[in-house]
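# Summary of the model geometry
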Amino acid sequence: NEDDLSEIVNYTKRKNAEPNPETFGIAKDKNIIKIHLESLQSWMIGYEHNGEEVTPFLNELAKGNGDFKYYPNFYHQTGQGKTADAELILDNSIYGLAEGSAFSLKGDNHYQALPSILNQQRNYTSAVFHGDYKTFWNRDQVYKRFGVDRFYDAEFYDMTGDNIENLGLLDKPFFEESMSYLKDLKEPYYAHFLTLTHHYPFSLSEDEATIDRGDTGDNTVDGYIQTARYMDEAVKDFVSDLKEEGMYDDSVIVIYSDHYGISENHNRAMEEIQGHEITPEVNQDNQRVPFYIKVPGMDGEVVEDVAGQVDVMPTLMHLQGINTKEYIMFGTDLFSDQHKEMVIMRNGEVITDQYQIIGNEVFDRETNEKIEETEKTKAIKKQAEIELELSDKLIYGDLFRFYDQNGFEKVDTSQYMYSPNEY
Ligand code: GP9
Ligand code: MN
């Protein structure tokens, strides 16, 4: 087991990307606001339904001419743990499990997660906001392991009457009610907002809908249009509230989505909507999810680099001026010259700037043309297998337990209490 740990540390050290001196530490001690867009796939950005943009706010941000950088070739890397996998990956830069969710199965593990690192290194307060009950995905247990100081779950919100849709609180009242809690947090803070309305089966009442449903006849795909619009409006309102409250300009703001919302079971309707056949390589393209980041002092732009969810944590750490070499992370800083344009999906598929690797087949990423496997593509596939295996060993062996070369202090879970009487 200790051998496994040194193998993992050697691997992640070798992969680590040196910080870019121009961005290293540029956002030290700035508030970080992270917005989780439930189930939004990148093909929706710019998509029009009956000549109308579905997500006009997110489309505008994606142009790169404002404050946000937008990554059109950013992929989710989640597996069966869905939302929980996305949370795990973004805050730990490790992979979820091949089967089941690490949140549910490995909630007792030790982690070296971003909330605790920011607290130890920079004295941040961390908080998660979500309009569902705290036991969902075992969050109340795992967040303690991550060092999340405050968890504003459904108990903190008005969960009555028209406020509820599908799994929980509608996104608009969710963001509105969250604002007073956010203002309460000690600065600098790392605040994470998880939306919920744009979630399978994508139901929405007539009163809340501001665009027509799709007309493919597939309930999931048709509803997806309406709930995506609703979420877009909710995020737009929240961002303007942040501006009004003076909480926007000086904050790092990350907006990302967790995973696909429309599975391969809906390929017929997807073919109708996208106007082409959903082959495996097109399906892989559809695993792109929106990723945006605004950093005070950095300009907006559209960044075409291939990137994935594991890359977010090292990026945020380097923005803080925290060296990452001694941390076990599988991703690389998006702003580093050494950022690795290689995304490993949980099912072993790989995307690089040049290739899409699916099983033993290789495709050109830009054209989706099938190309020959080469020694190079075989080596990429092999590296992906090794990386997933190392991440699995790390989680199954609970190996963070033994790792303190970076000075990380073990999280004392007894310090964290998630209930409205606590704060
Ligand atoms: C539930 C929400 C949905 O709290 O986060 O999770 P998902 O079903 O997408 O994993
Ligand atoms: Mn989700």
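As shown above, the structure is provided for reference.
Here we summarise the structure given alongside this text. (Residues numbered from 1 in each chain as written. Chains lettered and ligands numbered in written order. Predicted model: local features only at pLDDT ≥ 70, side-chain atom pairs only at ≥ 80, totals over all residues. Heavy atoms only, no water.)

## Some details on the packing of helix H3 (residues 82–92) against helix H6 (residues 139–146)
The angle between the axes and the distance between the axes are what describe a pair of packed helices. Note the threshold: Note on geometry: axes are lines fitted to C-alpha atoms, helical ones only across the stretch in contact, with angles between N-to-C directions running from 0 to 180 degrees. For helices the rule is a DSSP run of H or I covering at least 4 residues; for strands it is a run of E covering at least 2, with both sets numbered from the N terminus onward. An angle below 35 degrees is treated as roughly parallel, one above 145 as roughly antiparallel, one from 65 to 115 as roughly perpendicular, and anything else as oblique. Whether two residues touch is decided by their heavy atoms; if any such pair falls within 4.5 Å, the residues are in contact. Each residue is assigned to one class: nonpolar for Ala, Val, Leu, Ile, Met, Phe, Trp, Tyr, Cys and Pro, charged for Asp, Glu, Lys and Arg, and polar for all the others, Gly among them.
At their nearest, the axes of H3 and H6 sit 12 Å apart, and the two run at 5° to each other. In terms of orientation, H3 and H6 fall into the roughly parallel class. Here H3 contributes Thr83, Glu87, Leu88 and Asn92 to the contact with H6, which in turn contributes Arg139, Tyr143 and Phe146. For the contact of H3 with H6, the residue count by class is 3 nonpolar, 2 polar and 2 charged.

## Remarks on the coordination of the manganese ion (ligand 2)
The following threshold applies: Coordination partners: N, O, S within 2.8 Å of the metal, 3.2 Å for Na, K and Ca; water not considered, so apparent gaps in a site are possible. Any coordination sphere not matching a tetrahedral pattern (four donors, all angles between 85 and 135 degrees) or a square planar or octahedral pattern (four or six donors, opposite donors over 155 degrees apart, other angles between 65 and 115) is reported as irregular. The buried label applies to any residue whose accessible area, calculated with a 1.4 Å probe on protein chains only, is under 20% of its type's maximum; exposed applies above 50%, and partly exposed to all values in between.
Here the manganese ion (ligand 2) is held by the protein donor atoms Glu38 (OE), Glu38 (OE), Thr83 (OG1), Asp258 (OD) and His259 (NE2), which lie 2.0 to 2.6 Å from it. Because the angles between the 6 donor atoms bound to the manganese ion (ligand 2) fall within 54 to 166°, the donor set is best described as irregular. We note that the donor set of the manganese ion (ligand 2) lies within a single chain, spaced as E-x44-T-x174-D-H. With Thr83 in helix H3 and Asp258 in the loop between strand S11 (252–257) and helix H9 (267–274), this pair connects stretches of sequence that are 175 residues apart. Both residues of the pair, Thr83 and Asp258, belong to the buried class.

## Some remarks on the packing of aromatic side chains
Aromatic ring pairs are reported here in terms of the distance separating the ring centres and the angle at which the planes meet. Here is the rule we go by: Stacked, tilted and edge-to-face are the three classes assigned to paired rings of Phe, Tyr and Trp, where Trp is represented by its six-membered ring and a pair needs centres within 6.5 Å; plane angles under 30 degrees give stacked, over 60 edge-to-face, the rest tilted. Here, over-ring charges are defined by two tests on the NZ atom of lysine or the CZ atom of arginine: distance to the ring centre within 6 Å, and angle to the ring normal within 35 degrees.
Tallied over the full model, the rule gives 30 aromatic pairs. Between Phe151 and Tyr418, the aromatic rings sit 5.7 Å apart at their centres with planes inclined by 80°, giving edge-to-face as the arrangement. Of the two residues, Phe151 is situated in strand S7 (residues 150–152) and Tyr418 in the segment after helix H12 (375–396); the sequence distance between them amounts to 267 residues. Note on accessibility: Phe151 and Tyr418 belong to one class, buried. Taking 4.7 Å as the distance between ring centres and 20° as the angle between the ring planes, the aromatic pair formed by Tyr152 and Tyr181 counts as stacked. Residue Tyr152 is located in strand S7, and its partner Tyr181 is located in helix H7 (residues 171–184); the two are separated by 29 residues in the primary sequence. Counting every residue linked through ring pairs, the aromatic cluster contains Phe129, Tyr152, Phe156, Tyr157, Phe174, Phe175, Tyr181, Phe193, Phe238 and Tyr423. Above the plane of the ring of Tyr248 lies Lys243, whose end atom (NZ or CZ) is 4.7 Å from the centre. Lys294 extends its terminal NZ or CZ atom over the ring of Tyr248, reaching a point 4.5 Å from the ring centre.

## Here's the deal with the site of ligand 1
Heads up, the rule is: Near residues are defined by distance, with any heavy atom within 4 Å of the molecule or strand qualifying the residue. Polar contacts, as used here, are pairs of N or O atoms within 3.5 Å; protein pairs need one atom able to donate a hydrogen and one able to accept it. Residues neighboring in sequence count only if both atoms are side-chain atoms. Here, Shrake-Rupley sampling with a 1.4 Å probe gives the accessible areas, and only protein chains in the shown set may cover a residue.
Neighbouring ligand 1 are Glu38, Lys82, Thr83, His130, Asp132, Phe136, Trp137, Arg139, Leu196, His199 and His259. Residue Thr83 places a side-chain N or O atom 2.7 Å away from an oxygen atom belonging to ligand 1. In the model, an oxygen atom of ligand 1 is placed 3.1 Å from a nitrogen or oxygen of the His259 side chain. Alone, ligand 1 offers 310 Å² of accessible surface; in the complex the protein occludes 94% of this. Taken together, the residues that form the shell around ligand 1 break down as 3 nonpolar, 4 polar and 4 charged.

## Here we look at the pairing of strand S12 (residues 291–294)
In plain terms, the rule: Here, a strand pair is defined by DSSP locating no fewer than two bridges between the strands.
Burial along S12 is two-sided: Phe291 and Ile293 facing one way and Tyr292 and Lys294 facing the other are all buried. In this sheet, S12 lies alongside strand S4 (residues 69–70) in antiparallel orientation, the contact comprising 2 bridges. Opposite Tyr70, over in S12, you have Tyr292 as the bridge partner. Sheet topology note: the S11/S12 ladder contains 4 bridges and is antiparallel. Bridged to Ile253 within S12 is Lys294.

## Overview of the side chain of Asp85
Among the structural elements, Asp85 can be located in helix H3. Polar contacts involving the side chain of Asp85 include one to the main-chain amide nitrogen of Gly79, which spans 2.8 Å. Excluding residues that lie within four positions of it along the chain, Asp85 makes contacts with Thr78, Gly79, Gln80, Gly96, Ser101 and Ala102.

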